[in-house]
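Single-letter residue listing:
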Amino acid sequence: MEYSEKVMEHFMNPRNVGEIEDASGIGTVGNVQCGDIMRVYLKIENDIVTDASFKTFGCGAAVATSSMATELVKGKTIAEVMQITNKAVMDALDGLPPIKAHCSVLAEEAVQAALWDYAQKNGLTIEGLKPPKDHKHEH
Ligand code: FES
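Predicted model, so just to flag it, every value in this text is computed and none were measured.

Draft legend 1. Quick peek at the sheet that holds strand 1 (residues 25-30). One open sheet holds the three strands; their spatial order is 1-2-3, and the pairing between them is antiparallel. The strands lining the two open edges of the sheet, one partner per strand, are strand 1 and strand 3 (48-57). When the angles between neighbouring strand axes are averaged without regard to direction, this sheet yields 15°. The strands touched by helix 2 (residues 60-73) within the sheet are strand 2 (37-45) and strand 3, with strand 3 carrying the most contacts at an inclination of about 175°.

Right, dumping it as structure tokens:
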């Protein structure tokens, strides 16, 4: 299995690791097959994601995709964040081996789950946003 240099670089040196204490939204998702868990924290001010962080208990590709996803969402509007698919995260990392594509899906789902949490807390509706599938790992 071959990882791109960017994937290895983000795995070895992940950006935005940790919690945001006064996060506007927190999303936790898991993959039942591999058991990996990803939590994303977003700080949102005036419709803009001003900060993002993550904690991932998972494989190297999950760490790299959460690192890249949190980088990609920073400074974006909510509508722009909604356009950041797992494919966009993979592209930004110069690709992932096909059997690791599901790891990038976790990153997309975690960001959207954090947006969902933000919307719920603020009584907002975000165009195109669906409720997170997996609540099992929320503690
Ligand atoms: Fe589980 Fe990568 S193997 S997220």
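That covers the picture; the talk isn't over yet.
Draft legend 2. Up close: helix 5 (residues 101-122). Relative to the 32 Å expected for 22 residues at 1.5 Å per residue, helix 5 spans 32 Å between its end C-alpha atoms, a close match to the ideal helical length. Two residues or fewer past helix 5, Gly123 is found with a positive phi of approximately 60°.

Draft legend 3. A look at the packing of helix 2 against helix 5. Two numbers describe how helix 2 lies on helix 5: the axes approach to 8 Å, and their chain directions differ by 40°. With respect to each other, helix 2 and helix 5 are oriented oblique. Crossing angle aside, the handedness with which helix 2 passes helix 5 is right-handed. Contacts between helix 2 and helix 5 involve Ala61, Ala62, Thr65, Ser66, Ala69 and Val73 from the first element and Cys103, Ser104, Ala107 and Val111 from the second. Considered class by class, the residues forming the contact of helix 2 with helix 5 number seven nonpolar, three polar and no charged.

Draft legend 4. Molecular detail of the environment of Met68. Assignment of secondary structure puts Met68 in helix 2. Given the relative accessible area of 9%, Met68 is considered buried. Expressed as a C-alpha distance, the spacing of Met68 and Ile78, which sit 10 residues apart in the sequence, is 17 Å. Ignoring sequence-local partners within four residues, the contact set of Met68 consists of His10, Val89, Ala92 and Leu93.

Draft legend 5. How the structure looks around the pairing of strand 1. Counted residue by residue, strand 1 has five buried out of six residues, so it is predominantly covered. Pairing of strand 1 with strand 2 involves six bridges; the strand directions are antiparallel. Looking at strand 2, one finds that Ile26 is bridged to Tyr41. Between strand 1 and strand 2, which pair antiparallel in sequence order, lie six residues; one of them, Gly35, sits at a positive phi of approximately 80°.

Quick notes on the rules
- Residues numbered from 1 in each chain as written.
- Predicted model: local features only at pLDDT ≥ 70, side-chain atom pairs only at ≥ 80, totals over all residues.
- Heavy atoms only, no water.
- Pairing = 2+ DSSP bridges.
- Helix = DSSP H or I, 4+ residues; strand = E, 2+ residues; numbered from the N terminus.
- Axes fitted to C-alpha atoms, helices over the stretch in contact; angles between N-to-C directions.
- Contact = heavy atoms within 4.5 Å.
- Expected span 1.5 Å × (residues − 1).
- Parallel < 35°, antiparallel > 145°, perpendicular 65-115°, else oblique.
- Left-handed = near helix turned anticlockwise from the far one by under 90°.
- Nonpolar A, V, L, I, M, F, W, Y, C, P; charged D, E, K, R; others polar.
- Buried < 20%, exposed > 50% of the residue type's maximum accessible area, 1.4 Å probe, protein only.

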